[in-house]
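In case you want the letters, here they are:
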Amino acid sequence: MPVKLTEVARLAGVSLATASRVLNGSSRTPAPDIAERVRAAAEELGYVANAQAQALARSTTGLVGLVVHDIADPYFSAIAHGVQQAALASGHQVLLAGTDLEGDAGSPGGAELAAVNAFISYRTDAIILAASRLLNEDARLIKALGRYTKNGGRVVTLGASAIADAQVLRVGHREGAVALVSALLKQGMRRFVILAGPHERNTARIRVQGFTETLAAAGLEPVAVVEGAFTSQGGYDSTLAFLDSLDGRSLDGKDSQGGSAFCMLAANDVMALGAMAALRSRGLRIPEDVQVAGFDDIPTLRDHFPGLTTYRLPLEEIGRLAATMALSPSTRQLSSVTGTVVLRESAGDGTTQHD
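Since this is a predicted model, take the numbers as computed values, not measurements. (Residues numbered from 1 in each chain as written. Predicted model: local features only at pLDDT ≥ 70, side-chain atom pairs only at ≥ 80, totals over all residues. Heavy atoms only, no water.)

Right, let's talk about the overall build of the protein chain for a bit. For the protein chain, the count of helices and strands is 12 helices and 13 strands. Here the protein chain holds 355 residues, and the buried ones make up 50% of them. In the protein chain, of all internal contacts separated by at least 6 residues, the share reaching a separation of at least 24 is 72%. With an accessible surface of roughly 16800 Å², the protein chain has 52% of that area assigned to carbon and sulfur atoms. (Helix = DSSP H or I, 4+ residues; strand = E, 2+ residues; numbered from the N terminus. Buried < 20%, exposed > 50% of the residue type's maximum accessible area, 1.4 Å probe, protein only. Contact = heavy atoms within 4.5 Å. Areas by Shrake-Rupley, 256 points an atom, 1.4 Å probe, with all protein chains shown as cover.)

Right, let's talk about helix 5 (residues 74-89) for a bit. Its 16 residues give helix 5 an end-to-end C-alpha distance of 23 Å, which sits within 8% of 22 Å, the value for a rise of 1.5 Å per residue. Every buried residue of helix 5 is listed here: Pro-74, Tyr-75, Phe-76, Ala-78, Ile-79, Ala-80, Gly-82, Val-83, Ala-86 and Ala-87. Its side-chain oxygen 2.9 Å from the backbone nitrogen of Tyr-75, Asp-73 forms the N-cap of helix 5. Just downstream of helix 5 lies Gly-91, where phi reads positive at about 80 degrees. (Expected span 1.5 Å × (residues − 1). Polar contact = N/O pair within 3.5 Å; in protein donor to acceptor, adjacent residues only side chain to side chain.)

The next subject is the packing of helix 2 (residues 16-23) against helix 3 (residues 32-45). Relative orientation of the contacting elements helix 2 and helix 3 amounts to 85 degrees, with a least axis distance of 9 Å. Taken together, the axes of helix 2 and helix 3 are roughly perpendicular relative to one another. For the pair helix 2 and helix 3, contact is made by Thr-18, Ala-19, Val-22 and Leu-23 and by Ile-34, Ala-35, Val-38, Arg-39 and Ala-42, respectively. Residues that form the contact of helix 2 with helix 3 fall into these classes: seven nonpolar, one polar and one charged. (Axes fitted to C-alpha atoms, helices over the stretch in contact; angles between N-to-C directions. Parallel < 35°, antiparallel > 145°, perpendicular 65-115°, else oblique. Nonpolar A, V, L, I, M, F, W, Y, C, P; charged D, E, K, R; others polar.)

A few words now on the pattern of salt bridges. As a working rule, side chains carrying opposite charge can pair if their charged atoms are close by. Scanning all chains against the criterion turns up 12 salt bridges. Among the ionic pairs, Asp-296 bridges to Arg-207, the shortest N-O distance being 2.7 Å. Taken together, the residues span a long stretch of sequence, with Asp-296 in the loop between strand 9 (290-293) and strand 10 (310-312) and Arg-207 in helix 9 (residues 202-217) at a distance of 89 residues. Residue classification places Asp-296 among the buried positions, given a relative accessible area of 3%. Note that Arg-312 is salt-bridged to Asp-297, the shortest N-O span being 2.6 Å. Highlighted residues: Arg-312 in strand 10 and Asp-297 in the loop between strand 9 and strand 10, separated in sequence by 15 residues. Classification of Asp-297 as buried rests on a relative accessible area of 14%. (Salt bridge = Lys/Arg side-chain N within 4 Å of Asp/Glu carboxyl O.)

This part takes up the sheet that holds strand 9. Read across the open sheet, the four strands follow the order 7-6-8-9; overall the sheet is parallel. Of all the strands in the sheet, the pair left with one neighbour each is strand 7 (224-226) and strand 9. Going from strand to strand, the sheet's axes swing by 20 degrees on average, the running direction of each strand aside. Judged from the four bridges that link them, strand 6 (residues 192-195) and strand 8 (residues 262-266) form a sheet pairing that is parallel. Of the residues in strand 8, the one forming a bridge with Ile-194 is Leu-265. Lying over the sheet, helix 8 (residues 173-186) contacts strand 6, strand 8 and strand 9, oriented at roughly 165 degrees with respect to strand 8. (Pairing = 2+ DSSP bridges.)

What follows concerns the confidence of the model for the protein chain. Any residue range with low pLDDT should be treated as having predicted coordinates unsuitable for detailed reading. Summing up the model confidence of the protein chain, the mean pLDDT is 85 and the portion of residues at 70 or higher is 85%. Counting contacts from residues 350-355, a segment whose pLDDT is below 50, to residues more than four positions away or on other chains yields 22 contacts. (pLDDT = per-residue confidence, 0-100.)

Our next topic: the sheet that holds strand 1 (residues 63-68). An order of 2-1-3-4-5-11 is seen for the six strands of this open sheet, with the pairing classed as parallel. One side of each edge strand has no neighbouring strand; the edge strands of this open sheet are strand 2 (93-98) and strand 11 (336-337). Of the pairings in the sheet, the one linking strand 1 to strand 2 comprises six bridges and is parallel in character. Along strand 2, the bridge assignment pairs Val-64 with Val-94. Where helix 6 (residues 110-121) meets the sheet, it contacts strand 1, strand 2 and strand 3 (126-129), and its direction lies at approximately 180 degrees from that of strand 1.

Here we take up unusual backbone geometry. Here the residue pair Ile-286 and Pro-287 is connected by a cis peptide bond, since its omega of 5 degrees sits within 30 degrees of zero. Phi angles above zero are rare outside glycine, and Arg-123 is one such case at about 60 degrees. Among the structural elements, Arg-123 can be located in the loop between helix 6 and strand 3. A relative accessible area of 45% places Arg-123 in the partly exposed class. Phi at Asp-165 takes a positive value of approximately 65 degrees, unusual for a residue other than glycine.

Each aromatic ring pair is described using two quantities: the centre-to-centre distance and the angle formed by the ring planes. Under the counting rule described, the total for this entry stands at three aromatic pairs. Ring centres of Tyr-75 and Phe-76 lie 4.9 Å apart, and the angle between their planes is 90 degrees; on these two criteria the pair is classed as edge-to-face. In terms of burial, Tyr-75 and Phe-76 fall into one category: buried. Residues Phe-295 and Tyr-311 carry aromatic rings whose centres are separated by 5.0 Å and whose planes lie at 45 degrees to one another, so their mutual orientation is tilted. (Phe/Tyr/Trp six-rings, centres within 6.5 Å; stacked < 30°, edge-to-face > 60°.)

Right, let's get into the side chain of Thr-157. One can find Thr-157 in strand 4 (residues 154-158). Using a relative accessible area of 0% as the deciding quantity, one classes Thr-157 as buried. One polar contact links the side chain of Thr-157 to the main-chain carbonyl oxygen of Gly-159, over a distance of 2.8 Å.

Pasting the structure below:
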């Protein structure tokens, strides 16, 4: 049986209210010798404080909820690491939920809604939504978070959304897309196949818009735009779908300037890595036959060869900023983050170019 607070109070020779003030973190603390006696009794008996009682005493749970799309995706794990660093610095623990599994039938936002409702039930001090926002937010999610913020909870989203009273950390997806394509054009590439990711996700859609608008400004159109899942498998499948659409036609090996025939331009790095695997499965060389570029500069890229050209976002810093915005709302913070273009062997000469 769990040790009760009344037993601690009895052993320490104090009232139940005094024992509660000491162990549940009330601002009304007794004299140091009495507090020490209570803590010694608790340790002797093996008492574990009740988290709900502590939350009532302190008006805070010391918890922050973080919602990501795929826990296994290095993009989200890097952001989560940054969130955890900032949370620990402010005395908080992080509750983590992934939404990559199916929600309830007919409800694409079901997994995220379930995670948010769980965080609300645990009375977390703040909720950070790191997963890409949807073009059309779930009305139930908007309603649940609206009640949560009215009751004093804080919400931070990465990118704008329809969630009222949420603080927004803007990430330069469009700026990055423009900078990346501009750098590739300077390298002489003219033929692009865009692996677009899901259109309903704001991150994917905004990046693709940046790609296509920059090409249009240069008088170019993508050879193809292929939608797929925002995953390695999505990049693999999208690349094979494009290759199969050639219907036996050759990639011609080189363009008129002697460079690769195409550049597979993926909306994120994991799609780009999937594309590279698909190209190799068809006997194509990177970058000799096909160039590849991604977006994010996830930490695991160092393990892949050839090195992937990409747009580097400061992922851990994004997590730290989001957590600081959520947990220290009075602190002035940057509300937007941009990055730099990194040219590597998959579509460049391996040098780094800052936008």
